[in-house]
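Observations on chain architecture
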Amino acid sequence: MITIICAECSKAPFGVMASGLFRCDHCASEITPRDLVLDPGEVWVVDSAGTLGYLPTPVRA
């Protein structure tokens, strides 16, 4: 998983909240899943600690 860092402060990752939003652990900026812009084949994920990230597109041999 590649962690998604806040674009507002560039200092911390986003954590999942009970509301379904993601909040920056540093500046409290919030985003929704619709705000995520990923390349084709990438998917967003949340790890066991609640941190937002993404899985890159698999490389095909």
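Attention in this report is confined to the structure presented alongside it. (Residues numbered from 1 in each chain as written. Predicted model: local features only at pLDDT ≥ 70, side-chain atom pairs only at ≥ 80, totals over all residues. Heavy atoms only, no water.)

**Some thoughts on the pattern of salt bridges**
Scanning all chains against the criterion turns up 1 salt bridge. One salt bridge in this structure joins Glu 30 and Arg 23, with 2.3 Å as the shortest N-O distance. The exposure class assigned to Arg 23 is partly exposed, which follows from its relative accessible area of 35%. (Salt bridge = Lys/Arg side-chain N within 4 Å of Asp/Glu carboxyl O. Buried < 20%, exposed > 50% of the residue type's maximum accessible area, 1.4 Å probe, protein only.)

**With respect to the nonpolar core**
One finds Ile 4, Cys 6, Cys 9, Ala 12, Phe 14, Phe 22, Cys 24, Ile 31, Leu 36, Leu 52 and Tyr 54 forming the largest nonpolar core, which totals 11 residues. Breaking this core down by element, the ones donating at least two residues are β3 (22-24) and β6 (52-55). (Core = buried A, V, L, I, M, F, W, Y, C linked by side-chain atoms within 4.5 Å. Helix = DSSP H or I, 4+ residues; strand = E, 2+ residues; numbered from the N terminus.)

**Notes on a nonpolar patch on the surface**
A grouping of Met 1, Val 43 and Leu 55 is seen on the molecular surface, where their side chains present a nonpolar patch of about 240 Å² in accessible area. Relative to the helices and strands, Leu 55 resides in strand β6. (Patch = residues over 30% accessible without salt bridge, like charges linked within 9 Å, V, L, I, M, F, W, Y side chains within 5 Å. Areas by Shrake-Rupley, 256 points an atom, 1.4 Å probe, with all protein chains shown as cover.)

**Digging into the sheet that holds β6**
Ordered by their spatial adjacency, 3 strands build an open sheet running β1-β6-β5, and the pairing between neighbours is antiparallel. The two strands at the open ends of the sheet, each matched to only one other strand, are β1 (2-3) and β5 (43-46). The pairing of β5 with β6 spans 4 bridges and is antiparallel. What sits directly across from Val 45, in β6, is Gly 53. (Pairing = 2+ DSSP bridges.)

**Quick look at the sheet that holds β3**
Overall, antiparallel pairing links the 3 strands, which are arranged β2-β3-β4 in an open sheet. Only two strands of the sheet have a single neighbouring strand rather than two, namely β2 (14-16) and β4 (30-31). With 3 bridges connecting them, β2 and β3 associate as antiparallel partners. From the neighbouring strand, Val 16 faces β3, where its bridge partner is Phe 22.

It is worth stressing that arrangement in space is one thing and function is another; only the former is reported here.
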